[in-house]
Amino acid sequence: MPLHLTFVTSAKRHADLPDTPCEVAFVGRSNVGKSSLINALANQRQLAKVSNTPGRTQLLNLFRLPTGGTVVDLPGYGFAKVPGREKAGWRAMIEGYLLEREGLELVLVLVDGEIGPTKLDVQMLDWLRANEVPHTVVATKLDKVRPSKLATRRKQLAAGCSLAEGDIMWASAAKGTGIEAMQRHLLALLTP
Ligand code: GDP
């Protein structure tokens, strides 16, 4: 069943977001397929913007379900062309949110299923572990991995993330694979 997400607000600081009983956040490298995945989970084409312009001012975007639970789309990391000052700003915004947000139940860390994890993904995972922030890895773009390569790719990706294969959820926003399982999982988490 699609997640009936309604856009509520965008904010620069987590302190400006509305209170929530339970929340799931999405984070990942720019271009990992985050917007496409959120749109697929909600079965809406334009909910989260696909392919944001690199370097554009990015904000914390909050969506709400009829249950009252919320979803936050965090700005993508890893644009090489962004100046250091702006990078530091994103980092402070994301880290402040992840460490201090009340009601945050789970962070979904998106990793490109075809090429991931990247160095920045591993840094993010190490940071989440060090700070004991609950998280799950979602491998995106499953349809881009050839069936003959899938078993090896699943092993490589899990090893790169220092996780067991079974700990990783795989999905394809393009083909819809894995979407229903994620919808069920998220709906359960986001029902107070
Ligand atoms: P974001 O920057 O993380 O929000 O990534 P987008 O959702 O904008 O996707 C980045 C690019 O990857 C776009 O060209 C998408 O069409 C493509 N993409 C996203 N999800 C999938 C997928 O499941 N399969 C394939 N083949 N391409 C995808």
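Residues numbered from 1 in each chain as written. Predicted model: local features only at pLDDT ≥ 70, side-chain atom pairs only at ≥ 80, totals over all residues. Heavy atoms only, no water.

## Describing the nonpolar core
And step 1. L74, Y97, L98, V109 and M124 are the most contacted members of the largest nonpolar core, which has 31 residues in total.
And step 2. Residues in contact with Y97, not counting those within four places in the same chain, are H14, L17, E23, A25, L60, V72, L74 and L104.
And step 3. One finds L3, V24, V32 and A42 within the second-largest nonpolar core, a separate group that totals 25 residues. (Core = buried A, V, L, I, M, F, W, Y, C linked by side-chain atoms within 4.5 Å. Buried < 20%, exposed > 50% of the residue type's maximum accessible area, 1.4 Å probe, protein only. Contact = heavy atoms within 4.5 Å.)

## Some points on the sheet that holds strand β6 (residues 135-140)
And step 1. Taken together, 7 strands build an open sheet; the order of strands is β1-β3-β4-β2-β5-β6-β7 and the sheet is mixed. The two strands at the open ends of the sheet, each matched to only one other strand, are β1 (6-11) and β7 (169-170).
And step 2. In the sheet, β1 pairs with strand β3 (residues 60-64) via 5 bridges, with the strands oriented antiparallel. Bridge assignment links F7 to a residue of β3, and that residue is F63.
And step 3. Sitting on the sheet, helix α1 (residues 34-42) touches β2 (23-28), β4 (70-73), β5 (104-112) and β6, and the angle it makes with β2 is about 145 degrees.
And step 4. Together, β1, β2, β3, β4 and β5 form the strand contacts of helix α2 (residues 84-100), whose direction differs from that of β5 by roughly 135 degrees. (Pairing = 2+ DSSP bridges. Helix = DSSP H or I, 4+ residues; strand = E, 2+ residues; numbered from the N terminus. Axes fitted to C-alpha atoms, helices over the stretch in contact; angles between N-to-C directions.)

## Observations concerning the pattern of salt bridges
And step 1. Scanning the model with the defined rule gives 9 salt bridges in all.
And step 2. Across the pair R184 and E180 runs a salt bridge, and its minimum N-O distance is 3.7 Å. With R184 and E180 both in helix α5 (residues 179-189) and 4 residues apart, the pair spans about one turn of that helix.
And step 3. In this structure E180 comes out as exposed when scored by relative accessible area, which is 52%. (Salt bridge = Lys/Arg side-chain N within 4 Å of Asp/Glu carboxyl O.)

## Comments concerning unusual backbone geometry
And step 1. The step from G116 to P117 runs through a cis peptide bond, and the omega angle for that step is 0 degrees.
And step 2. Looking at the element boundaries, P117 is found in the loop between β5 and α3 (119-130).
And step 3. In the Ramachandran plot, N43 falls in the positive-phi region, its phi being about 55 degrees despite a non-glycine side chain.
And step 4. The backbone of E132 shows a phi angle near 55 degrees, a positive value even though the residue is not glycine.
And step 5. Along the chain, the position of E132 falls in the loop between α3 and β6.
And step 6. Taking the relative accessible area as the measure of exposure, E132 reaches 71% and is therefore exposed.

## What about the pairing of β4?
And step 1. Side chains T70 and V72 of β4 all project onto a buried face; the interleaved residues V71 and D73 project onto the opposite face, where all are buried too.
And step 2. Summarising the sheet, β2 and β4 pair through 4 bridges and their orientation is parallel. The partner of A25 across the bridge, within β4, is V72.
And step 3. Strand direction decides the pairing type here: β3 and β4, joined by 4 bridges, are antiparallel. Directly across from R64, in β4, lies its bridge partner T70.
And step 4. Connecting β3 to the antiparallel partner β4 that follows it, the hairpin turn spans 5 residues, and G68 within it adopts a positive phi of roughly 100 degrees.

## Describing the environment of G166
And step 1. If you trace the backbone, G166 turns up in the loop between α4 (150-160) and β7.
And step 2. Exposure remark for G166: the relative accessible area of 74% places this residue in the exposed category.
And step 3. It is 9.9 Å that separates the C-alpha atoms of G166 and K155, two residues lying 11 residues apart in sequence.

## Re the packing of α1 against α5
And step 1. Between α1 and α5, the shortest axis-to-axis distance is 9 Å and the interhelical angle comes to 75 degrees. On the basis of their axis angle, the class for α1 and α5 is roughly perpendicular. Across the interface between the two elements, L37, A40 and L41 from α1 touch I179, M182, Q183 and L186 from α5.
And step 2. Grouping the constituent residues of the contact of α1 with α5 by class yields 6 nonpolar, 1 polar and no charged. (Parallel < 35°, antiparallel > 145°, perpendicular 65-115°, else oblique. Nonpolar A, V, L, I, M, F, W, Y, C, P; charged D, E, K, R; others polar.)

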